[in-house]
Amino acid sequence: MLIQDIKKANIEAMKAHDADKRGAYSIVISRYQTLATSGKGEPTDADVIQIIQKLGKELDEEREGYLKAGREESAAKIAAQKEAISAFLPKQLSEEEIKNIILGLDDRSIPAVMKHFTLNYKGQCDMGLVSRLAKTL
């Protein structure tokens, strides 16, 4: 499972005294544990991917705040954290790949396209981008 790989990476970061990576991995592990104890059953790899994606967006916002405040060193640490967790995400579909998939569908209505991508490409694409592209095709 993906969470086991993240736990191993956390241990490696701890041994390497890499506080930035360790901090990011620890957040993912903590959120996984919270989800696991919520009573909704054992979290899947898809759940872990969602945790990583959400954390990535939060880190982007935090980095922007540091950059606006002129704190480049802190922004660089946040960027290192995002890079560390992004390594565990599946390859993201490009805009061109998304367009080609949409064009290959029989039903190109927005609900049908969104359902297709949710079922077949969850975690592999930005659903906001899929929606924007579907509206233009």
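Shown above is the structure to which this text applies.
Below is a summary of the structure that appears in this document. Starting afresh in each chain, residues are numbered from 1 along the sequence in its written order. Totals for whole chains, interfaces and linings use every residue, but because this is a predicted model, local features are given only for residues with pLDDT of at least 70 and side-chain atom pairs only at 80 or more, for both listing and counting. Side-chain metrics rest on all non-hydrogen atoms present in the structure, leaving aside hydrogens and water.

Considerations on the layout of surface pockets
The way it works is a 1 Å grid over only the protein atoms, where trapped points that fit a 1.4 Å probe form a cavity and open points with protein on both sides within 12 Å along at least five of seven lines form a pocket, and then any residue with an atom within 4 Å of a point lines it. Grid points are joined across faces, edges and corners, and a volume is the space filled by probe spheres set on the points. In this model, the largest pocket occupies a volume close to 410 Å³. Along the walls of the largest pocket sit 20 residues, with Gln53, Lys57, Gln92, Cys125 and Asp126 positioned nearest its centre. Secondary structure is summarised from DSSP: a helix means a run of H or I of at least four residues, a strand means a run of E of at least two, and numbering begins at the N terminus for each. For the lining of the largest pocket, the secondary-structure elements that each account for two or more residues are helix H3 (45-68), helix H4 (72-86) and helix H6 (110-120). Polar here means any residue other than Ala, Val, Leu, Ile, Met, Phe, Trp, Tyr, Cys and Pro, which are nonpolar, and Asp, Glu, Lys and Arg, which are charged; Gly is therefore polar. Here the lining of the largest pocket is composed, by residue class, of 8 nonpolar, 7 polar and 5 charged.

Observations concerning the nonpolar core
Counting residues in each nonpolar core, the largest one holds 20 residues, and the members touching the most others are Ile6, Tyr25, Val28, Val48, Ile52 and Ile85. Those elements that place two or more of their residues in this core are helix H1 (2-15), helix H2 (19-36), H3 and H4. Within this scheme, the nonpolar core is defined by two criteria: the residues are buried Ala, Val, Leu, Ile, Met, Phe, Trp, Tyr or Cys, and they are joined through side-chain atoms within 4.5 Å. Summary of the burial criterion: residues with accessible area below 20% of their type's maximum are buried, those above 50% are exposed, and those between are partly exposed, where the area comes from a 1.4 Å probe applied to protein chains only. By size, the runner-up hydrophobic cluster in this structure holds 12 residues, among which are Ile101, Ile102, Leu129 and Leu133.

With respect to H4
Under the convention used throughout, the expected extent of a helix is 1.5 Å for every residue step, that is, one less than its residue count. Here H4 contains 15 residues, and its C-alpha end-to-end distance of 21 Å stays within 8% of the 21 Å for a straight helix at 1.5 Å per residue. When H4 is considered as a whole, its buried residues turn out to be Ser74, Ala75, Ile78, Gln81, Ala84 and Ile85.

Things to note about the pattern of salt bridges
By definition here, a salt bridge exists when the distance from a side-chain nitrogen of Lys or Arg to a carboxyl oxygen of Asp or Glu is within 4 Å. Applying the stated rule across the entire model yields 3 salt bridges. For Arg31, the salt bridge identified is with Glu58, shortest N-O distance 2.7 Å. Here Glu58 lies in helix H3 and Arg31 lies in helix H2, a separation of 27 residues in the sequence. A relative accessible area of 30% means that Arg31 is categorised as partly exposed. A salt bridge links Lys91 to Glu97, with the shortest nitrogen-to-oxygen separation between them at 3.5 Å. Look at Lys91 and you get exposed, because its relative accessible area is 61%. Of the residues examined, Glu97 reaches a relative accessible area of 30% and is grouped as partly exposed.

A few points about the packing of aromatic side chains
Pairs of aromatic rings are described using the distance from one ring centre to the other and the angle between the two planes. Only Phe, Tyr and Trp rings take part, Trp by its six-membered ring, and two of them pair if their centres are within 6.5 Å. Stacked means planes under 30 degrees apart, edge-to-face means over 60, and tilted covers everything else. For the coordinates displayed, the defined rule picks out 2 aromatic pairs. Consider the rings of Tyr25 and Phe88, whose centres lie 5.8 Å apart with planes at 80°: the pair is edge-to-face. One end of the pair, Tyr25, is in helix H2; the other, Phe88, is in the loop between H4 and helix H5 (95-103), with 63 residues separating them in the sequence. With a relative accessible area of 6%, Tyr25 lands in the buried category. Relative accessible area serves as the criterion here: at 19%, Phe88 is assigned to the buried category. Ring geometry for Phe117 versus Tyr121: centroids 5.2 Å apart, planes at 40°, classification tilted. You can call Phe117 buried: its relative accessible area is 0%.

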